[in-house]
Amino acid sequence: MPDIKSIILEIRAGAGGNEATLFAADLANMYSRFAAKQGWSAVILDESRSDLGGYKEVFLEISGEGVYDKLKQESGVHRVQRVPATEKSGRVHTSTASVAVLPVRTGEKTDIKPQDLEIAFTRSGGAGGQNVNKVETAVRITHKPTGLTVKCTSERSQQRNREKALALLSAKLESGQASQAQSQLADERRQQIGTQDRSEKIRTYNFLQDRITDHRIGKSFHNIEKIMEGDMDKIVKSFQE
């Protein structure tokens, strides 16, 4: 098995409208801060924001020693129960976000033929300095045999975005090839993240009770605010044990 020193973390808002996008952003923040505490690098490859500044979807590339071993158990549907900032009457809402962890394998790259790729360059959108919107640095790559499309907007150079988009495409195809056929990629992702329905959850974040419960190992963790700030060691250790 080749060494896995990078993963692509894909987070998507599920059921729950705007509150689900805010929860997806909270999860992205939690993983980014955990990565920083581990001395790993975390880069946003692509993002799609909601009106309230949450994430409809976000792709993070996290690199470092032991990254896959420590985060592979994060795949699945995460459920949050809390009073949203947008809620006027103080009612508790239940929302979900899905997480997929795709390993980036070095040493045995997926064989991607250049003729199978359709590459388009666009201007990076969103807030930013003078470099944003003037040059076509954002890269979108479509893999014609599977119809898979990936985007990367994080870097200021077209070449770096192209490299990262190819790494993302490779990781997605890898997870499909693990089940012997690229056409099964959608099934593979569905198995990881389910249908994003509230009932299909691996973990529940209950803010009122200050408790995170992982339903697979039947364990609860307290001090939810601290965990959301990246203090995930207790959860990670529970799975490693």
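We now turn to the structure provided with this report. These figures come from a predicted structure and were not determined experimentally. (Residues numbered from 1 in each chain as written. Predicted model: local features only at pLDDT ≥ 70, side-chain atom pairs only at ≥ 80, totals over all residues. Heavy atoms only, no water.)

1. Focus on unusual backbone geometry
Note the following rule: Runs of H or I in DSSP of at least four residues are treated as helices and runs of E of at least two as strands, each being numbered from the N terminus. Only protein chains enter the accessibility calculation, which uses a 1.4 Å probe; a residue whose area is less than 20% of its type maximum is buried, one above 50% is exposed, and one in between is partly exposed.
Phi at D210 takes a positive value of approximately 50 degrees, unusual for a residue other than glycine. Mapped onto the secondary structure, D210 falls in the loop between β9 (203-206) and β10 (211-214). Overall, D210 belongs to the partly exposed group, its relative accessible area being 31%. Residue N223 is not a glycine yet carries a positive backbone phi of 65 degrees.

2. A look at the sheet that holds strand β8 (residues 148-152)
So the rule is basically this: By the convention used here, strands pair only if DSSP detects at least 2 bridges between them. Throughout, an axis means a line fitted to C-alpha atoms (over the contacting stretch in the case of helices), and angles, computed between N-to-C directions, take values from 0 to 180 degrees.
Taken together, three strands build an open sheet; the order of strands is β6-β7-β8 and the sheet is antiparallel. Looking at which strands have only one partner, the edges of the open sheet turn out to be β6 (117-122) and β8. With strand direction ignored, the average angle separating the axes of adjacent strands in the sheet is 15 degrees. Sheet topology places β6 next to strand β7 (residues 138-143); six bridges connect them, and they run antiparallel. Along β7, the bridge assignment pairs E118 with T142.

3. Concerning the packing of aromatic side chains
Quick reminder of the rule: A pair of Phe, Tyr and Trp rings is counted when the ring centres sit within 6.5 Å of each other, with Trp represented by its six-membered ring. The angle between the planes then sorts it: under 30 degrees is stacked, over 60 is edge-to-face, the rest tilted.
Scanning the model with the defined rule gives two aromatic pairs in all. Judged by centre distance (5.3 Å) and plane angle (70 degrees), the ring pair of F23 and Y205 falls under edge-to-face. One end of the pair, F23, is in helix α1 (residues 17-38); the other, Y205, is in strand β9, and 182 residues separate them in sequence. You'll find F23 and Y205 in the same group, each marked buried. Relative to W40, the ring of F34 lies with its centre 5.7 Å away and its plane at 85 degrees, an arrangement referred to as edge-to-face. Comparing F34 with W40, the two get one shared label, buried.

4. Some details on the sheet that holds strand β5 (residues 93-105)
Basically, it comes down to this: Throughout, a residue-residue contact means that at least one pair of heavy atoms, one from each residue, lies within 4.5 Å.
Taking strand neighbours across the sheet as the criterion, the eight strands line up as β2-β3-β1-β5-β4-β9-β10-β11 in an open arrangement whose pairing is mixed. Of all strands in the sheet, those bounded by a partner on one side alone are β2 (41-49) and β11 (219-222). The average angle at which neighbouring strand axes cross in this sheet is 20 degrees, direction not considered. Contacting β9, β10 and β11, helix α6 (residues 233-240) runs over the sheet at an angle of about 160 degrees to β11.

5. Description of the pattern of salt bridges
Spelled out, the test is: Any carboxyl oxygen of Asp or Glu that lies within 4 Å of a side-chain nitrogen of Lys or Arg is treated as forming a salt bridge with it.
Applying the stated criterion to the full structure yields 15 salt bridges. For E61, the salt bridge identified is with K164, shortest N-O distance 2.7 Å. Here the residue E61 occupies a position in strand β3 (residues 55-63), and K164 occupies one in helix α3 (residues 158-177), the gap between them amounting to 103 residues. For the pair E61 and K164, a shared accessibility class is recorded, and that class is buried. The partner of R91 in a salt bridge is E87, and the shortest N-O contact between them spans 3.6 Å. The class for E87 is buried, based on a relative accessible area of 16%. The structure contains a network of salt bridges with shared partners spanning E74, R203, D214 and R216.

6. Considerations on the nonpolar core
We count it as follows: Residues belong to a common nonpolar core when they are buried Ala, Val, Leu, Ile, Met, Phe, Trp, Tyr or Cys residues joined through side-chain atoms within 4.5 Å.
Among the nonpolar cores identified, the biggest contains 36 residues, and L9, I11, L27, Y31, I62, L71 and Y205 are the most heavily contacted of them. Of all the secondary structure elements, the ones that give two or more residues to this core are β1 (4-13), α1, β3, α2 (67-71), β5, α5 (224-228) and α6. When residues in this core are grouped by element, the largest group, ten residues, is from α1. When neighbours within four sequence positions are excluded, Y205 is seen to be in contact with F23, L27, M30, H78, R79, V80, Q81, R211, I212, I224 and M228. Ranked by size, the runner-up nonpolar core spans 17 residues in total, among them L45, F59, I112 and I141.

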